[in-house]
Amino acid sequence: MKNAIRIAPSVLSADLARLAEQVQAVEEAGADWIHVDVMDGHFVPNLTFGAGLIAALRRITELPLDVHLMVEHPEAYIDAFADAGASVFTLHPEATVHVQRHLAQVRARGMLAGLALNPATPLSFAAEVIEDVDLLLLMTVNPGFPAQQYIAAATEKITRARRLLAESESRAYLEVDGGISRDTIGQAHGAGADTFVAGSAIFGADDPGAALKELRKRCMAVA
């Protein structure tokens, strides 16, 4: 599982007026997942998508929908997103109290359970619930807005996260999100990440499909 490279284009940076067209383009170019950022304007300073977009995406693609909830009390949305067709449901430990319970609830609804850590959130949060985690997402920017610069210190954290997964004998995906581009994806992959969220680096390009292929090429160069 962890040796494969997965690229998940983030529709936060897509042209919503051309969403079906752009999703089709990246799917044909070999996208593995489609990433959806859900923000409530409280946990992070932005407001974005809800279950309605998940349902719309499910109608236009069969790719796994990788949903990242940057919201307070994410457990309130587990059923709605499962019903809408989400494949991965990732929450932040700072946003809720009973993290282990909610990860178990996510799995019970047939989704992969993800745990997201902000740049300043220690890996110890993940260590306490690692058996309940199918995906560990490290934010490589402070979340809220697209097209931010990759935080250089995140690379060392990715290395430590890979070590944590290995020592725990966890087969969880190690995903990174934020500032992932042709200049940073190789660095993140070399440190141990196997799943990459890229928004503006793909949908901000003139040819999103070609941009996705270039990211995969940069990854494979250090595989």
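Residues numbered from 1 in each chain as written. Predicted model: local features only at pLDDT ≥ 70, side-chain atom pairs only at ≥ 80, totals over all residues. Heavy atoms only, no water.

(A) Focus on helix α1 (residues 19–28). Listed in full, the buried residues belonging to α1 are Leu19, Gln22, Val23 and Val26. An end-on view of α1 places all buried positions within 100° of arc, on one side of the element. Buried-residue contacts for α1 involve β1 (6–9), β2 (34–39), α2 (51–60), α8 (200–203) and α9 (208–220). Two residues or fewer past α1, glycine 30 is found with a positive phi of approximately 105°. (Buried < 20%, exposed > 50% of the residue type's maximum accessible area, 1.4 Å probe, protein only. Helix = DSSP H or I, 4+ residues; strand = E, 2+ residues; numbered from the N terminus. Arc of directions from axis to C-beta. Contact = heavy atoms within 4.5 Å.)

(B) Summary view of the nonpolar core. Of all hydrophobic cores here, the largest spans 66 residues; its most connected members are Val11, Val36, Leu57, Leu136, Leu138, Ile158 and Phe196. Excluding residues within four positions of it along the chain, valine 11 makes contact with Leu16, Leu19, Val23, Ile34, His35, Val36, Phe49, Leu53, Leu57 and Phe203. Judged by nonpolar contacts, the second largest core, of 10 residues, contains Ala116, Leu135, Leu137 and Tyr173. (Core = buried A, V, L, I, M, F, W, Y, C linked by side-chain atoms within 4.5 Å.)

(C) Layout of the packing of aromatic side chains. Per the counting criterion, the structure on display carries 3 aromatic pairs. Taking 5.1 Å as the distance between ring centres and 85° as the angle between the ring planes, the aromatic pair formed by tryptophan 33 and tyrosine 173 counts as edge-to-face. Of this pair, tryptophan 33 sits in the loop between α1 and β2 while tyrosine 173 sits in strand β7 (residues 173–177), and the two are 140 residues apart along the sequence. Taking the relative accessible area as the measure of exposure, tryptophan 33 reaches 6% and is therefore buried. Taking relative accessible area as the criterion, tyrosine 173 reaches 14% and is therefore assigned buried. (Phe/Tyr/Trp six-rings, centres within 6.5 Å; stacked < 30°, edge-to-face > 60°.)

(D) Highlighting the pairing of strand β6 (residues 135–139). Burial analysis of β6 places 5 of its 5 residues in the buried class, which makes it a mostly covered element. Side chains Leu135, Leu137 and Met139 of β6 all project onto a buried face; the interleaved residues Leu136 and Leu138 project onto the opposite face, where all are buried too. In this structure, strand β5 (residues 112–117) lies alongside β6, joined through 4 bridges in parallel fashion. Paired with leucine 117 across the two strands is leucine 138, which belongs to β6. Judged from the 5 bridges that link them, β6 and β7 form a sheet pairing that is parallel. The partner of leucine 138 across the bridge, within β7, is valine 176. (Pairing = 2+ DSSP bridges.)

(E) The sheet that holds β2, seen in detail. Read across the sheet, 8 strands follow the order β1-β8-β7-β6-β5-β4-β3-β2 without closing on themselves; strand pairing throughout is parallel. Only two strands of the sheet have a single partner each, and these edge strands are β1 and β2. Across this sheet, the average inter-strand angle for adjacent strands is 25°, counted without regard to direction. The strands touched by helix α4 (residues 99–108) are β4 (88–91) and β5; relative to β5, the strand with the most contacts, the crossing angle is about 145°. (Axes fitted to C-alpha atoms, helices over the stretch in contact; angles between N-to-C directions.)

(F) Representation of unusual backbone geometry within the structure. Despite not being glycine, histidine 73 has its phi angle at roughly 55°, a positive value. Residue histidine 73 is classed as partly exposed on the basis of its relative accessible area, which comes to 48%. A positive phi angle is found at glutamate 169, which is not glycine, with a value near 55°. With respect to the element layout, glutamate 169 can be found in the loop between α6 (154–167) and β7. Residue glutamate 169 is classed as exposed on the basis of its relative accessible area, which comes to 75%.

(G) Layout of the pairing of β7. Counting buried positions over the 5 residues of β7 gives 5, a clear majority of the element. Burial along β7 is two-sided: the residues Tyr173, Glu175 and Asp177 and Leu174 and Val176 are all buried. Relative to strand β8 (residues 195–198), β7 is paired through 3 bridges, and the arrangement is parallel. The residue bridging valine 176 from the neighbouring strand is phenylalanine 196, located in β8. In this region the chain leaves β7, passes through helix α7 (residues 185–191) and returns to the parallel neighbour β8; the handedness of that crossover is right-handed. (Right-handed = clockwise from strand over helix to strand, strands pointing away.)

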